[in-house]
Each structure stands twice: as C-alpha cells, then as structure tokens.
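# Coordinate analysis (summary)
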Amino acid sequence: MAEVAAIEEQVIAWRRHLHQHPELSFQEHRTAEYVETQLRSMPGLDIRRPTPTSVLAVLRGGAGPGNTVLLRADMDALPIEEETDLPYTSQNAGVMHACGHDGHTAMLLGAAKLLSERQAALRGEIRFIFQHAEELFPGGAQELVDAGVMERVQYAVGTHLFSSIPVGMVALKDGPLLAAPDAFEIAIVGRGGHGAQPNTAVDPIVIAAQVVLAFQTIVARQIDPLQPAVLSVTTIHAGTAHNIIPETVTLTGTVRTFDTELRITIPALMERLLKGITEAYGASYRFEYNQGYRALHNDPQVTEVLREVVRETVGAGVLFEPPANMGGEDFSAYLTKAPGTFVIIGAGNVDAGITAPHHHPKFAIDERALGTGVAILVGAAERLSVFAGSPNSSGHAH
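Because the structure is predicted, anything quoted here is derived from the model rather than measured.

Rules used throughout
For every chain, the first residue of the written sequence is number 1, and numbering continues from 1 along that sequence. Whole-chain, interface and lining totals are the exception, using all residues; otherwise, since this is a predicted model, local features are given only for residues with pLDDT of at least 70 and side-chain atom pairs are given and counted only at 80 or more. The basis for the side-chain values is all heavy atoms of the structure; hydrogens and waters are excluded. Comment: elements are numbered from the N terminus, with helices defined as DSSP H or I runs of at least four residues and strands as E runs of at least two. Our radius of gyration is a C-alpha quantity, and the globule rule it is checked against amounts to 2.2 Å times the number of residues to the power 0.38. Burial classes follow relative accessibility: with a 1.4 Å probe on protein chains only, a residue under 20% of its type's maximum area counts as buried, one over 50% as exposed, and anything between as partly exposed. Any two residues whose heavy atoms approach within 4.5 Å are treated as being in contact. Where accessible areas are quoted, they stem from the Shrake-Rupley method and a 1.4 Å probe; at the residue level, only the protein chains shown are allowed to cover. Any two strands with at least two DSSP bridges between them are considered paired. Inter-axis angles, ranging from 0 to 180 degrees, are taken between N-to-C directions of lines fitted to C-alpha atoms, where helices are fitted over the stretch in contact. Here the expected length of a helix is defined as 1.5 Å per residue gap, with one fewer gap than residues. Whether a set of points on the 1 Å grid over the protein atoms alone is a cavity depends on a 1.4 Å probe fitting there but being unable to get out, while an open set qualifies as a pocket with protein on both sides within 12 Å along at least five of seven lines; lining residues are those with an atom within 4 Å of a point. Grid points are joined across faces, edges and corners, and a volume is the space filled by probe spheres set on the points. Charged means Asp, Glu, Lys or Arg here, nonpolar means Ala, Val, Leu, Ile, Met, Phe, Trp, Tyr, Cys or Pro, and polar covers whatever is left, Gly included.

### A short note on the overall build of the chain
Within the chain, the regular secondary structure consists of eight helices and 16 strands. In summary, the chain has a C-alpha radius of gyration of 24 Å against a globular reference of 21 Å for 398 residues, a match within 12%. Seen through its principal axes, the chain has C-alpha atoms that stretch 80 × 45 × 40 Å. Counting all 398 residues of the chain, 54% fall into the buried class. Long-range contacts, defined here as pairs at least 24 residues apart, represent 80% of the contacts in the chain between residues at least 6 apart. Summing over all exposed atoms, the chain offers an accessible surface of approximately 16500 Å²; the carbon and sulfur share of this is 53%.

### Observations concerning the sheet that holds strand S6 (residues 170-171)
With mixed pairing, eight strands are arranged side by side in an open sheet as S1-S2-S4-S3-S5-S16-S6-S15. The strands lining the two open edges of the sheet, one partner per strand, are strand S1 (45-48) and strand S15 (319-320). Where strand S3 (residues 68-74) meets strand S5 (residues 155-166), four bridges bridge the pair, whose relative direction is parallel. By the bridge assignment, Leu70 is partnered in S5 with Ala156. Sheet strands touched by helix H2 (residues 29-39): S1, strand S2 (55-60) and strand S4 (125-131). Its angle to S2, the strand with the most contacts, is close to 20°.

### Structural notes on helix H3 (residues 101-117)
A rise of 1.5 Å per residue sets the reference length of H3, with its 17 residues, at 24 Å; its end C-alpha atoms lie 25 Å apart and thus fit the reference within 8%. Counting buried residues in H3 gives 15 out of 17 residues, a clear majority hidden from the surface.

### Digging into the environment of Asp85
Structurally, Asp85 is set in the loop between S3 and H3. Along the chain, Asp85 and Lys362 lie 277 residues apart, while their C-alpha atoms are 8.7 Å from each other.

### Quick look at the layout of surface pockets
Approximately 660 Å³ is the volume attributed to the largest pocket. Glu134, Glu135, Arg256, Gly328 and His359 are the residues nearest the centre of the largest pocket, which is lined by 29 residues in total. Sorting the residues of the lining of the largest pocket by element identifies S5, strand S8 (180-189) and strand S12 (248-257) as the ones contributing at least two each. In the lining of the largest pocket, the residues fall into twelve nonpolar, twelve polar and five charged.

Pasting the structure below:
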C-alpha cells in the first residue's frame, strides 16, 4: 500500500516519541494530549475525551450510510526500568513501553490519517479509540464501554504487536484467543510461636504448603482435561525471623480460563480445599477472589474479513493461525457489545536481537511492523464499514 509507505516515517516518529514519554495506567495525561494534538491536524475528525486519559476520534464517511466500525489502540506503559540501548529510550524513570502500546497508538494514528484523507469515499462511521489502562484492572476498556463508545457500533477491531512472532507475519484465529485473567489473595491464619516449640503453635507455613500442593490437583484431577485452565500461586509471604513461627501466611496468584462455567467452578473448588485443610489443623482463612477481564473470543465472520484484508494488503503467505493463549486482554469488553476480532502482528527479529518477551526491560519491536498494522487497520475499516454479514454473529454472545 503506497499510502502507508508514504507515512511510515511519521508513524515511526510518533511511536518513538511515545516510547520516550511512557505513562502508567490511568495516568496517561500527556499521552492523551499528544494523541489529541496529532488528531487535530487531520481533516474531518470529531474529537472527544470520554475519560480524562483517553481520546475518541469519530470519522463520518461522505459516501452514504454504512456500518459503524470501532478501531482500538491502548496507550499505557508498565512500571519497568528500561534496559535497552535505543536512542529513544524512556525518559521516565521506572516506566517503560514494554508491551508495544506505543506502537499500537502510532499505528492507529496512521490509520486515522489515511482514512481521514479518504473521508469522501468512505461509508458509515469509523471510531478511533485511544484507550487508557489496558495493563491495570479494572482496565480502561470497560470504562469506555460504560461511557458509551460502543453505542451503535457494528464491528470492533484491535491489534497487538508480538515480539515472539517474526516481523511480517500476521496471526488470526476464530473463537477463543485469550483467557480470562482472574486473581486471588489468601490469608491462612494460625497461631504464632517459637520455632523450637512448634507444638504450642498452629504453623500456617506448613498449612500453606499443603494448600499450594492441593491446589495443583484442581486442574490436574478435578476438571475436564480438555478444558484449558491454569492455577498458579505466584507469591508467598510470611515470617520475620528464623526462630519464629508466624501467625499468618499470605498467598496470591492467578487463575486463567476460557469457559464461563469453569471460571465459577475453580474458585469454589479452591475454597473447598482451603476450608478442609485449615479446619483439619485448627487454623482459619480469608479468601478473596477477583474476576479480571473476560476471555477474548474472536468472531469467525469478522476474522474471515480480516484474513481477506491481510491477504490483499500484506500478502497471502503471511497469515497463520495461532494457538489460544492464557494471557488476558481487556479488548474483550468491546466484544460484549459487538462482534469483532483481535489481530496479532509479528514484530520480532532474531537477526536484529529483537527477541525479548513482553513485560521485559529489554523489550523492543521491529518497526517495520508498524506499516503492517496501519495497512490492516485501514483495510479493516474500509471493508467492515460495508460488510453485509450478521452484526450479531457468534462473537457477540461471549
């Protein structure tokens, strides 16, 4: 796409500016101002601020009625100290774009620029949502849905750059793609005492060890092995000295599922084990379980439209179907209101040393991926604005 090539340097410049000035979730004030400033240089956009740190730009086509299509980019960074040698490394100590959101924002700005220049030929309405706080629950997507950005929207498209996939490749998958990422915190309360006299105490460390091991039987032995699920205890905190049995142990962790019923079943099984083990030893517990983002299910019809877009704009040989991933994404909130799909764009390059995973202090992207993203977003907007498929196909039900 010649038009994409013509603005590629500008898209890279946008991305590098954002990379230098990262902001954490719900704190993206300067980022939102920068995005709004860039959008105001583009013709035909109705620009709004649905929340203090997000930006919505609306483009109404001049060629008559059509569908309303939402294109989404997330803007927030992570609390990570950057360890790259890039000339545009983060200038905000302890904050880094280590998940590609700077690239997502730059790609959507590029799409807005090209589509605004084609306004007269477009049908329907294109909404560009620059979302805050994808990285921190409760997330920005649900807040924007509650603010009305999905009203009258027929289709939604989001993108994500992946350093684990070679630049030039594009992944699209029907159905379940990303899991529901829930979190839990458990306090096991015993009775403290001296390490030399454990018989006078109720040792919560021993109890916690049994709880952690018992939890592993939930996925391994108590649910259908054909149902994907993860239960991970990721922190254990207790104690102050080598000779003191503490009173309390705190455990935290995550549960990942795709199935809505299983999402309810697992915490019930966890609490049943907790209750039985703590009662057996004369201890007590507190159990807090927080549901995070919903599982992300791509709509088959919209995904097929995106496959056609990728074949036409990027190339037929770049597409592949990825496996489901137990990571989470709050783009799923938009899919409760309209069918859509989430596109994974390769941004890794082994020869250039761009291999660090997401949320890593050395995370980087091959910036050639940005042009791919712009082309896909532009093509998606144009194709879906006139797409005659069911506006309530299977993705809407998830």
